[in-house]
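Here is how the chains run, residue by residue.
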Amino acid sequence: MGSYVLRRALQSLLILLGISFFTFVLLYLIPADPARQIAGRSATTQTVENIREQLGLNLPFYEQYFRYLSGLVQGDLGRSYLQKTEVGELIASRLPATLLLMVGAIVCELLIGLTMGLVAALRRNTPTDTSLMVLSFVGVSSPQFVIGILLLYVFAVKLGWFPIGGYGTFMHMVLPSLTLGFLGAGWYSRMMRSSMIDVLRQDFIRTARAKGLKRWQVLFGHALPNALLPIIAMIGIDIGLFMSGIVVVESVFGWPGIGQLAWQAIQRVDIPIIMGVTLVSAFAIVLGNFLADLVAPLIDPRIKLR
Amino acid sequence: MSTLPPEPAVPSSLSERSSRVVLGVSGLQTAVATPQGRKIVVDGLSFDLHEGETICVAGESGSGKSMTALSIMGLLPEPMAKVVGGSIHLEGRDLTTLPEAEMRTIRGSEIAMIFQEPMTSLNPVLTIGRQVREAVLAHEPLSRREADARALEALKAVRLSEPERRMTQYPHELSGGMRQRVMIAMALACHPKVLIADEPTTALDVTIQAQILQLMRDLQKETGTAIILITHDMGVVAEMADRVIVMQHGKIVEDNLVRPLFAAPEAAYTEELLAAVPKLGALAGVDPVNAHAGTAAAAKVLEVDDLTVRFDLRGGVLNRVVSRVHAVEGISFDLHRGETLGLVGESGCGKSTIGKALMNLVPWEGSIRVCGEHVLRARTAAGDRAYRRNLQMVFQDPYASLDPRMTVGDLVGEPLVIHGLASGQELQDRVAGLFRRVGLTPDQMKRHPHEFSGGQRQRICIARALALSPKAIIADESVSALDVSVQAQVLDLLKELQDELGLAYLFISHDMTVVEQVSHRVAVMYLGQIVEIGTRRQIFENPQHPYTRRLMSAVPIPDPARRRAVFDVPQGEIPSPVVPIGESVSRVRYQDVGAGHLVAVA
């Protein structure tokens, strides 16, 4: 176990190093010029050059990368070009909002998705099953900004049940979490349905029934834990899915998280912020998968971490 | 084997039986929904089960045996299958009319069931303790602690080693035999009146089968539970039954006490079934004939010298090799033209790994020569192709070894295409010839594998192996998945092909009786090594190694007159072939006890 964690941690570091390199290359190659963005359209070439020199953007690529990397090792994510503050501080101030949104979304997608999948599996090949699967298909195929705006229009504007946007109370959280979780709910309901149907066919379910267990005991004591096994691994991967979703959802709902920060930074070519958000997201994904792998043997005793 | 067993308790007349009926089945009809409409799979089944009695329900696949069991338990996969007629009476109640809630209270407490597959019949994510405890708690108002005590008691009753530790273990940490003991413990935890055992030993090794059968006998003696034992194995029937019900196409063809049924079967089908059963020792005194021996062509087609296969197990921070599975350890043998070498042993002994190594499908060490040519360990497409023309393989599961999307004609012709040996009309003609050769008709070539029965599929696999006109075929448990009558036909086909074409077979099997039937020479494997090798007569008539003797004494004898009072099988499990790195496995040395009969000495 100990050696497994150590090995995985080393692997994770290598992955993060690779991601930092590729992101840096991509940002280096984009045709936009950060110095020109900072200086403004009316600035002289000389001003632009000065800014470039000041930021070290005139240095060769490898030197820029090593500067960034050496900062990174010391926990320094650099300074924002435009906001003139430490990227680390910016992200730290906005991370809690995003984490809250993600927790809300995970709860939503699991609650909705797993319930839908479970009901569909138990009512297999009935109209209930069909309508739930149509709904999940809608969830999987609808763009998040459409769902977000629809929810806003119906539940905030028309019905007035929830605030239109902003951050602070539980009520603020509901619509963004639903929007972010809806896509995942669609996936989970389909996975849960097929996983449950598969498990219900297994020999050990027949054994459980032959023992004279009650229906709910068979379902929740025997079938569900087995049906959840493939779902656990999915949750780790899910965090990556959320990362792309939060950029959209936070913009639609005016949620002050790192998604919004990233969106603004991309528009202004604020490279240190883009790098920082990318690395923090990558770290979250790597950590999520790592945790999912650590949790798996607790639920499935056949999995051994070596 | 040599001494006759003491006279066991086999009732020879109806009057000897206890008169109290526990379970009365009358006119039972079960139907399943098929795309072609409703199909009756159990048709008018009637029998009475008496206290302390064992009824064996025998028949081949599709005869409705398992459906009968599930009907009694009320576990039919509804709405696909349901009881449509007749009654099942348990102590005055008709189970077919009981609502599910009431039926639930009977399952496990009054009628319990154990299943064929111990590997999949236990929930993989729950501890053994919890699963047994649950069976008790479902029917008795006990505290958790009391239920745990009862569970432990049940595990002790089935003679499971270290029962306290097993309580906290998970199913994957137990062997198949141990899991089947757990299943029995679970079934008997509430002292049911009736135990239904559906092929309980079919998936187990023969020595483990003997242990489980003995256990069922002992427990029945202690508790008086009536047993319905469903099996396809007439040997198990002869060893266990008081009374036998023979089923075919959902109907009872014969219902009689075990002795008269075996001695003088009334129905023609029973007679056929019994005739198809291979009997251990049936060929005693008969020398195997090799039509191709002694001729100039009786060359060695396969020479294996010091074959070793080890699989690495990794671990630690750097994921280095920490231990190895010594699957095959220094095996040597030759195979001549027209000869069958039977390779027999229990699961995990390495016999299938030898087959895979010979086909270069796993990394190996040592020397393999096919028709005098060395097989190169380094795998190259051209090198593999060349020797595989001479060496082909037929696998165990005819359902899984044929690509379901291809027509069987294409499957059989594929080797010819891969080796560039035929195309166009010639290919068609050669495939048609192969179909005729294995007893199929060329007009079946356009069909897909799912349209064939198990026996027909195995014929297709044999045709595919024959396509390249190999000198030797490795048959890895090739008849194990088939019913006895079909098995006999496939074995006949293999023999015919051998006589005609001079094929050599490496016949890998766990089944001693089948090995005796087909082999010229036999090698017995244990823990990756051959412990005894010799001619069929040397091995079967004069077994020297204790393990060979143990294997033979564990085989059920399909003759109730020779029923043994106790199976003389040592308890326990085969040790693990996993060895830490740096340690080696001690190789056996052989002693020649006469005429090439080699026996391992410690």
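Residues numbered from 1 in each chain as written. Chains lettered and ligands numbered in written order. Predicted model: local features only at pLDDT ≥ 70, side-chain atom pairs only at ≥ 80, totals over all residues.

1. With respect to the overall build of chain B
Then comes step 1: Check the secondary structure of chain B and you find 19 helices and 23 strands.
Then comes step 2: Relative to a compact globule of 602 residues, whose C-alpha radius of gyration would be 25 Å, chain B shows 26 Å and is just as compact.
Then comes step 3: Taking the principal axes of the C-alpha coordinates as reference, chain B spans close to 75 × 60 × 55 Å.
Then comes step 4: With 602 residues in all, chain B has 48% of them scored as buried. (Helix = DSSP H or I, 4+ residues; strand = E, 2+ residues; numbered from the N terminus. Rg over C-alpha atoms; globule rule 2.2 N^0.38 Å. Buried ≥ 20, exposed ≤ 12 C-beta atoms within 10 Å, placed from the backbone.)

2. Re the overall build of chain A
Then comes step 1: A count of helices and strands for chain A gives 12 helices and zero strands.
Then comes step 2: Listed N to C, the secondary structure of chain A is α-α-α-α-α-α-α-α-α-α-α-α in terms of helices and strands.
Then comes step 3: In terms of overall dimensions, chain A has C-alpha extents of about 85 × 55 × 30 Å along its principal axes.
Then comes step 4: Per-residue burial over chain A gives 33% buried out of 306 residues.

3. With respect to the pairing of strand S11 (residues 300–315) of chain B
Then comes step 1: Bridging between S11(B) and strand S12 (residues 320–336) of chain B involves 12 bridges; their strand directions are antiparallel. Along S12(B), the bridge assignment pairs B:Phe311 with B:Val325. (Pairing = 2+ DSSP bridges.)

4. A short note on the packing of helix H15 (residues 454–466) of chain B against helix H16 (residues 484–501) of chain B
Residue and element names in this part refer to chain B.
Then comes step 1: Running from N to C, H15 and H16 cross one another at 20°; their axes reach a closest spacing of 10 Å. Considering their axes alone, H15 and H16 lie roughly parallel with respect to each other. H16 is crossed by H15, and the crossing has right-handed handedness. For the pair H15 and H16, contact is made by Gly454, Gly455, Gln458, Arg459 and Ile462 and by Val486, Gln489, Val490 and Leu493, respectively.
Then comes step 2: Grouping the constituent residues of the contact of H15 with H16 by class yields four nonpolar, four polar and one charged. (Axes fitted to C-alpha atoms, helices over the stretch in contact; angles between N-to-C directions. Parallel < 35°, antiparallel > 145°, perpendicular 65-115°, else oblique. Left-handed = near helix turned anticlockwise from the far one by under 90°. Contact = placed C-beta atoms within 7 Å. Nonpolar A, V, L, I, M, F, W, Y, C, P; charged D, E, K, R; others polar.)

5. What about unusual backbone geometry?
The phi angle of most residues is negative, glycine excepted, and most peptide bonds adopt the trans form.
Then comes step 1: A positive phi angle is found at A:Val269, which is not glycine, with a value near 50°.
Then comes step 2: Considering the arrangement of structural elements, one finds A:Val269 in the loop between helix H11 (258–267) and helix H12 (271–299).
Then comes step 3: The phi dihedral of B:Ser469 is positive, around 50°, even though this residue is not glycine.
Then comes step 4: Along the polypeptide, B:Ser469 turns up in the loop between H15 and strand S17 (472–476).

6. Some points on the interface of chain B and chain A
Then comes step 1: Contacts between the two partners involve 29 residues from chain B, matched on the other side by 23 residues from chain A.
Then comes step 2: Grouping the constituent residues of the side of chain B that touches chain A by class yields 13 nonpolar, 11 polar and five charged.

7. Details of the sheet that holds strand S19 (residues 521–526) of chain B
Residues and elements named next belong to chain B.
Then comes step 1: Reading across from one edge, S16-S17-S18-S13-S19-S20-S23-S22 is the order of the eight strands in this open sheet, with mixed pairing throughout. Edge positions in the sheet fall to strand S16 (391–394) and strand S22 (589–592), since each has one partner strand and no second. Between one strand axis and the next, the sheet turns through 20° on average, direction left out of account.
Then comes step 2: By the bridge criterion, two bridges tie strand S20 (residues 529–535) to strand S23 (residues 598–601) in an arrangement that is antiparallel. By the bridge assignment, Ile533 is partnered in S23 with Leu598.

8. Some points on the UniProt feature "domain: ABC transmembrane type-1" (unreviewed entry) in chain A
Then comes step 1: Per the UniProt annotation, the sites labelled "domain: ABC transmembrane type-1" (unreviewed entry) are residues 95–296 of chain A.
Then comes step 2: Between the C-alpha atoms that bound residues 95–296 of chain A there is a distance of 27 Å. The span itself is 85% helix and 0% strand. (UniProt positions renumbered as here; feature names shortened; annotations may be inferred.)

9. So, the UniProt feature "domain: ABC transporter" (unreviewed entry) in chain B
Then comes step 1: If you check UniProt for "domain: ABC transporter" (unreviewed entry), the listed places come out as residues 23–274 and 302–552 of chain B in our numbering.
Then comes step 2: The distance separating the terminal C-alpha atoms of residues 23–274 of chain B is 28 Å; by composition the span is 38% helix and 28% strand.

10. A closer look at the domain arrangement of chain A
Residue and element names in this part refer to chain A.
Then comes step 1: Here the domain parsing of chain A yields domain 1 (2–73) and domain 2 (93–299).
Then comes step 2: Between the C-alpha centres of domain 1 and domain 2 the distance comes to 33 Å.
Then comes step 3: Taken together, the contact pairs 12 residues of domain 1 with 11 residues of domain 2.
Then comes step 4: For the side of domain 1 that touches domain 2, the elements supplying multiple residues, two or more each, are helix H1 (2–29) and helix H2 (34–39).
Then comes step 5: With nine residues, H1 is the largest single contributor of residues to the side of domain 1 that touches domain 2.
Then comes step 6: For the side of domain 1 that touches domain 2, a count of residues per class yields seven nonpolar, four polar and one charged. (Domains from an automatic or database assignment.)

11. Overview of the sheet that holds strand S4 (residues 81–90) of chain B
Residues and elements named next belong to chain B.
Then comes step 1: A sheet is described by the order of its strands in space; here four strands give the open sequence S2-S1-S4-S5, paired in antiparallel fashion. Only two strands of the sheet have a single partner each, and these edge strands are strand S2 (37–50) and strand S5 (93–94).
Then comes step 2: The pairing of strand S1 (residues 21–34) with S4 spans eight bridges and is antiparallel. Following the sheet pairing, Ala31 is matched in S4 by Lys82.

12. Some remarks on helix H13 (residues 408–418) of chain B
Residues and elements named next belong to chain B.
Then comes step 1: Among the residues making up H13, those that are buried are Val408, Gly409, Leu411, Val412, Gly413 and Pro415.
Then comes step 2: Those residues of H13 that are buried are in contact with helix H14 (424–437) and H15.
Then comes step 3: Count one or two residues on from H13 and you reach Gly420, which has phi positive near 60°.

13. Concerning the pairing of strand S6 (residues 111–114) of chain B
Two faces belong to every sheet, and in a regular strand the side chains alternate between them.
All names here are of chain B.
Then comes step 1: Of the two faces of S6, both are covered, the one formed by Ile111 and Met113 as well as the one formed by Ala112 and Ile114.
Then comes step 2: As paired elements, S6 and strand S7 (residues 194–198) share four bridges and run parallel to each other. The residue bridging Ile114 from the neighbouring strand is Ala197, located in S7.

14. Notes on the environment of B:Leu76
All names here are of chain B.
Then comes step 1: With respect to the secondary-structure elements, Leu76 resides in the loop between helix H1 (65–73) and S4.
Then comes step 2: When the C-alpha atoms of Leu76 and Met525 are compared, they prove to be 41 Å apart, with 449 residues separating the residues in sequence.
Then comes step 3: Beyond its immediate sequence surroundings of up to four residues, Leu76 is in contact with Thr30, Leu70, Ser71, Ala81 and Lys82.

15. Quick notes on the environment of B:Glu451
Then comes step 1: In this fold, B:Glu451 is placed in the loop between H14 and H15.
Then comes step 2: Between the C-alpha atoms of B:Glu451 and B:Pro404, which are 47 residues apart in sequence, the distance is 9.9 Å.

16. Description of the environment of B:Phe395
Then comes step 1: With respect to the helices, strands and loops of the structure, B:Phe395 is situated in the loop between S16 and H13.
Then comes step 2: Sequence separation between B:Phe395 and B:Ile474 is 79 residues; the distance between their C-alpha atoms is 8.3 Å.

17. Thoughts on the confidence of the model for chain B
Residues and elements named next belong to chain B.
Then comes step 1: In the predicted model, chain B carries a mean pLDDT of 86, and the fraction of residues at 70 or more is 94%.
Then comes step 2: In this model, residues 1–8 is a region of pLDDT below 50 whose contacts with residues beyond four sequence positions or in other chains number 10 contacts.
Then comes step 3: Taken as a whole, residues 12–16 scores under 50 in pLDDT and shows three contacts with residues more than four places along the chain or in a different chain.
Then comes step 4: Among the scores for the predicted complex, ipTM is 0.79 and pTM is 0.81. (pLDDT = per-residue confidence, 0-100.)

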